[in-house]
Amino acid sequence: MTNETIEMADILRQSGKIYVVVAVLSVIFIALSIYLFIQDKKLQELEKKIKEKE
Amino acid sequence: MKNLWYKILSVVLILFSIIAGLLNDVPRLAILNESIRNLYFHVPMWFVLLFQMSLSLYYALKFLSNQDLQNDLKSVSAAQIGFFFSIPGIITGMLWAKVTWGTYWTFSDPKLNGVAMSILVYTAYFILRNSIDDEIKKAKLSAVYNIFAYVMMMVFIMILPRLTDSLHPGNGGNPAFSKYDLNNNMRIVFYPAVLGWILFSIWLLEIKLRIRTLQQHLTSSL
């Protein structure tokens, strides 16, 4: 199945521009997960406060 | 932070699937071309659905055996998370189908129909829950219906597509995850992607349950 005539994004890879796409997607995903970590942390503080009240 | 290790692991695994998923070598196949990389992102959505629905069934059975409403809460929350992941699953599948099969939706593929039916079956599950006021009755009925819904989903998306012709690999006698359509190069990205997304969905479930617990504290203290 190693048919070189089948069209793939070889030029995008050779020019290195694919790394820009990978970097953009990674940055977005990392940013979103950091945000989720922060929300998790805030939720934990809230849980602590409620426990102290009881 | 609570259970920090698996949250970090899920983020690392998904990040790995994004980076390696776009950069590693994939088989050069006609029609699929570069879109074969969708495997790393589209298929894990459905693995998450199956995982969460199985979790939902597990807690439904647990509720039926010990009548603890906490298990009912876990059961419905898992079903909601699983249901949520079917939306990106359907949309990514439609986009992928457009470039490979030439259409966004085809009724000749049993897996698409099966998924549509399963989504309706679980929609009925949520509607059933909302239509009963008595908490215990609601939990009991929806736990029983959950078993039915899970079996229906298994028939619709795992059994029927394998009995007839399907465009999906692994159905209608086509092998999936075999040497023909998933080589080792793809496995080292695909499996971490599936695990990463499943862990990610567990994280979302945990947050959902913790918020619900806080809400319960709030209503009981008022």
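Numbers given for residues are sequential positions, taken from 1 along each chain in its written order. Here the convention is simple: chains get letters from A, ligands get numbers from 1, in the order in which they are written. The predicted origin of the model limits local features to residues at a pLDDT of at least 70 and limits the giving and counting of side-chain atom pairs to 80 or more, whereas totals for whole chains, interfaces and linings rest on all residues.

### Considering the nonpolar core
Residue and element names in this part refer to chain B.
Okay, so step 1: Grouped together as the largest cluster of nonpolar side chains are 45 residues, with contacts concentrated most on Ile14 and Ala193.
Okay, so step 2: Looking at this core, the elements with two or more residues in it are helix H1 (4-23), helix H2 (39-66), helix H3 (69-100), helix H4 (110-130), helix H5 (135-163) and helix H6 (184-221).
Okay, so step 3: Helix and strand assignments come from DSSP, with helices taken as H or I runs of at least 4 residues and strands as E runs of at least 2, each series counted from the N terminus. Examining the composition of this core, we find that 14 residues originate from one element, H2, more than from any other.
Okay, so step 4: The residues touching alanine 193, leaving out its near neighbours within four places in the chain, are Leu13, Ile14, Ser17, Gly21, Tyr40 and Pro44. Only buried residues count toward a nonpolar core: Ala, Val, Leu, Ile, Met, Phe, Trp, Tyr and Cys, linked into one set through C-beta atoms within 7 Å. Exposure is read from a count of other C-beta atoms within 10 Å of each residue's own; the residue is exposed at 12 or fewer, buried at 20 or more and partly exposed in between. C-beta atoms are placed from the backbone. Once C-beta atoms are placed from the backbone, any two residues with those atoms within 7 Å are in contact.

### Points about H5 of chain B
Residues and elements named next belong to chain B.
Okay, so step 1: Helix length check: H5, at 29 residues, gives a terminal C-alpha distance of 40 Å against a target of 42 Å (1.5 Å per residue), a fit within 8%.
Okay, so step 2: For H5, the principal kink sits at valine 155 and spans about 35°.
Okay, so step 3: Along H5, the positions that sit buried rather than exposed are Ala139, Ser142, Ala143, Asn146, Ala149, Tyr150, Met153, Phe156, Ile157 and Pro161.
Okay, so step 4: Those residues of H5 that are buried lie in contact with H2, H3 and H4. A helix is expected to span 1.5 Å multiplied by its residue count minus one. The bend at a residue is defined as the angle formed between two axes, one fitted to the seven residues ending at that residue and one fitted to the seven starting there.

### Things to note about the interface of chain B and chain A
Okay, so step 1: The partner chain A presents 22 residues to the 20 residues of chain B that form the contact.
Okay, so step 2: Elements supplying a minimum of two residues to the side of chain B that touches chain A: H1 and H6 of chain B.
Okay, so step 3: In terms of residue count, H1 of chain B provides more of the side of chain B that touches chain A than any other element does, seven residues in total.
Okay, so step 4: Grouping the constituent residues of the side of chain B that touches chain A by class yields 14 nonpolar, two polar and four charged. Residues were grouped as follows: Ala, Val, Leu, Ile, Met, Phe, Trp, Tyr, Cys and Pro as nonpolar; Asp, Glu, Lys and Arg as charged; and all remaining residues, including Gly, as polar.

### A look at H4 of chain B
All names here are of chain B.
Okay, so step 1: Between the first and last C-alpha of H4 there are 30 Å, a value that for 21 residues agrees with the 30 Å anticipated at 1.5 Å per step.
Okay, so step 2: Within the sequence span of H4, burial applies to Pro110, Lys111, Leu112, Gly114, Val115, Ser118, Tyr122 and Tyr125.
Okay, so step 3: Tucked inside the fold, the buried residues of H4 contact H3 and H5.

### Examining unusual backbone geometry
Residue and element names in this part refer to chain B.
Okay, so step 1: If you check the backbone angles, isoleucine 31 has positive phi at about 70° while not being a glycine.
Okay, so step 2: The residue isoleucine 31 is located in the loop between H1 and H2 in this model.
Okay, so step 3: Residue isoleucine 31 is classed as exposed on the basis of its 11 C-beta neighbours within 10 Å.
Okay, so step 4: Within the chain, glutamine 67 stands out as a residue other than glycine whose phi angle is a positive 60°.
Okay, so step 5: Residue glutamine 67 is classed as partly exposed on the basis of its 13 C-beta neighbours within 10 Å.

### Focus: the packing of helix H2 (residues 18-53) of chain A against H1 of chain B
Okay, so step 1: Axes here mean lines fitted to C-alpha atoms, for a helix over just the part in contact, with angles spanning 0 to 180 degrees between N-to-C directions. Contact geometry for H2 of chain A and H1 of chain B: axes closest at 9 Å, N-to-C directions at 165°. By the angle between their axes, H2 of chain A is roughly antiparallel relative to H1 of chain B. In this structure, H2 of chain A crosses over H1 of chain B, and the sense of that crossing is right-handed. Facing H2 of chain A, whose interface residues are Ile18, Val21, Val22, Leu25, Ser26, Phe29, Ile30 and Ser33 of chain A, H1 of chain B presents Val11, Ile14, Leu15, Ile18, Ile19, Leu22 and Leu23 of chain B.
Okay, so step 2: Among the residues forming the contact of H2 of chain A with H1 of chain B, the class breakdown is 13 nonpolar, two polar and no charged. Each angle receives one of four descriptions, namely roughly parallel if under 35 degrees, roughly antiparallel if over 145, roughly perpendicular if within 65 to 115, and oblique otherwise. Handedness of a crossing is defined here by the sense of rotation of the near helix relative to the far one, left-handed for an anticlockwise turn of less than a right angle and right-handed for a clockwise turn.

### What to know about the confidence of the model for chain B
Okay, so step 1: Think of pLDDT as the predictor's per-residue confidence, scored from 0 to 100. Averaged over every residue, the pLDDT of chain B is 91; residues scoring 70 or more account for 94%.
Okay, so step 2: With a pTM of 0.91, the predicted complex shows an ipTM of 0.88.

### Points about the environment of leucine 195 of chain B
Okay, so step 1: As for its position among the elements, leucine 195 of chain B is in helix H6.
Okay, so step 2: Residue classification places leucine 195 of chain B among the partly exposed positions, given that 17 C-beta atoms sit within 10 Å.

### Some details on the packing of H1 of chain B against H6 of chain B
All names here are of chain B.
Okay, so step 1: It is at 8 Å that the axes of H1 and H6 come closest, and there the two elements cross at 140°. Between H1 and H6, the interaxial angle falls into the category oblique. Considering the relative orientation of H1 and H6, their crossing is left-handed. Between H1 and H6, the residues in contact are Tyr6, Lys7, Leu9, Ser10, Leu13, Ile14, Phe16, Ser17, Ala20 and Gly21 and Val189, Pro192, Ala193, Leu195, Gly196, Trp197, Leu199, Phe200, Ile202 and Trp203, respectively.
Okay, so step 2: Grouping the amino acids of the contact of H1 with H6 by side-chain chemistry returns 15 nonpolar, four polar and one charged.

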